[in-house]
Amino acid sequence: MVRVMVVDDHPMWREGVSRDLAAAGYEVVATTGEGRQAVRIASAAHPDVVVLDLQLPDVSGVEVINGLRAELPEVRILMLSASGEQQDVLDAVKAGAAGYLLKSAGLPEFLDAVSRTAAGDTVFTPGLAGLVLGEFRRLAVSPSSEIPAPKLTERETEVLRLVAKGLSYRQIAERLVLSHRTVQNHVQNTLGKLQLHNRVELTRYAIEQGLD
């Protein structure tokens with residue numbers, strides 16, 4: 001069972017999201033409305049996915065992302081925010097969020113986003129993925145590292161190319177006629193070789209290498 005933590009400063013919204021997750025079969029291990037408390041609680045609760053609001057009363061969502069990733073490097077963070085502002089989205093993704101969903105999303109879209117986030121996909125409200133990829137392409141004009149890239153297998157490179165195009169693990173599996181688990185294994189192996197932490201960093205690397 002996927003363990004989820006919900007962080008939002010609006011009690012009714014937080015409780016509603018928690019109920020919807022529980023009804024869908026997720027284990028809601030913790031809820032809170034404050035950022036600093038979220039980092040402390042997560043260290044003890046060990047969620048697989050954190051559903052995180054961007055605007056919190058004590059610290060910003062970006063600070064919470066940094067704190068969560070410092071304490072739990074493997075945690076997957078799905079932003080659930082009312083803001084679709086370009087800078088808010090980019091700041092969250094650069095900090096390490098695995099996805100960004102607007103609060104205007106319907107329940108099926110939200111539950112699908114949580115499921116895909118837990119499975120390792122990068123999930124965005126339609127329109128935001130292009131924004132993020134566009135920013136990565138802009139940053140890739142001047143690659144920051146001159147260190148030779150580790151050697152990837154032909155299949156790992158093929159998977160990496162499709163990751164950079166924004167395909168989900170399920171779509172990659174269908175395209176390459178592989179199992180979903182095999183695709184996940186290829187991505188995890190590639191992350192290890194490149195010393196990267198998540199799919200967002202992997203996408204940026206692929207774009208820098210001209211694989212998109």
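Read on for an overview of the structure. (Residues numbered from 1 in each chain as written. Predicted model: local features only at pLDDT ≥ 70, side-chain atom pairs only at ≥ 80, totals over all residues. Heavy atoms only, no water.)

Here the focus is the sheet that holds strand β5 (residues 99–102). Spatially, β2-β1-β3-β4-β5-β6 is the arrangement adopted by the 6 strands of the open sheet, whose pairing is parallel. Two strands close off the open sheet at either side, each with one partner strand: β2 (27–32) and β6 (123–124). The pairing of strand β1 (residues 3–7) with β2 spans 5 bridges and is parallel. Opposite M5, over in β2, you have A30 as the bridge partner. Contacts from helix α1 (residues 11–23) reach β1, β2 and β4 (76–81), with the element oriented near 175 degrees to β2. Packed onto the sheet, helix α5 (residues 107–119) meets β1, β3 (49–52), β4, β5 and β6 and runs at close to 160 degrees relative to β4. (Pairing = 2+ DSSP bridges. Helix = DSSP H or I, 4+ residues; strand = E, 2+ residues; numbered from the N terminus. Contact = heavy atoms within 4.5 Å. Axes fitted to C-alpha atoms, helices over the stretch in contact; angles between N-to-C directions.)

Among the residues of helix α3 (residues 61–71), G61, V64, I65, G67, L68 and R69 are the ones counted as buried. The inward-facing, buried residues of α3 contact α2 (35–45), β3, β4 and α4 (86–95). (Buried < 20%, exposed > 50% of the residue type's maximum accessible area, 1.4 Å probe, protein only.)

Turning our attention to empty space enclosed by the protein. For the coordinates displayed, the defined rule picks out 1 cavity of 30 Å³ or more. Empty space within the largest cavity amounts to approximately 30 Å³. For the lining of the largest cavity, the secondary structure elements donating two or more residues are β1, α1 and β3. Counted by class, the lining of the largest cavity contains 7 nonpolar, no polar and 2 charged residues. (1 Å grid on protein atoms, 1.4 Å probe; cavity = no way out; pocket = protein on both sides within 12 Å on 5 of 7 lines; lining within 4 Å. Points joined across faces, edges and corners; volume = space filled by probe spheres on them. Nonpolar A, V, L, I, M, F, W, Y, C, P; charged D, E, K, R; others polar.)

If you check which residues of α4 are buried, you get V89, L90, A92, V93 and A95. Among the residues trailing α4, G96 stands out with phi positive, at a value near 125 degrees.

Turning to unusual backbone geometry, a few remarks are in order. Residues other than glycine seldom take positive phi values, yet H46 does so here, at roughly 50 degrees. Here H46 lies in the loop between α2 and β3. On the basis of relative accessible area, H46 is assigned to the partly exposed category, the value being 46%. In this structure, V177 takes a positive phi of about 55 degrees despite not being glycine. Mapping V177 onto the fold places it in the loop between α8 (169–176) and α9 (180–194).

If you walk through the whole model with that rule in mind, you get 8 salt bridges. R116 is the partner of D112 in a salt bridge, and the nearest nitrogen-oxygen pair spans 3.9 Å. Here D112 pairs with R116, and both are found in helix α5, just 4 residues apart, close to one helical turn. Among the ionic pairs, D121 bridges to R116, the shortest N-O distance being 3.4 Å. Grouping residues by exposure puts D121 and R116 together as buried. Through salt bridges with shared partners, a single ionic network connects D8, D53 and K103. (Salt bridge = Lys/Arg side-chain N within 4 Å of Asp/Glu carboxyl O.)

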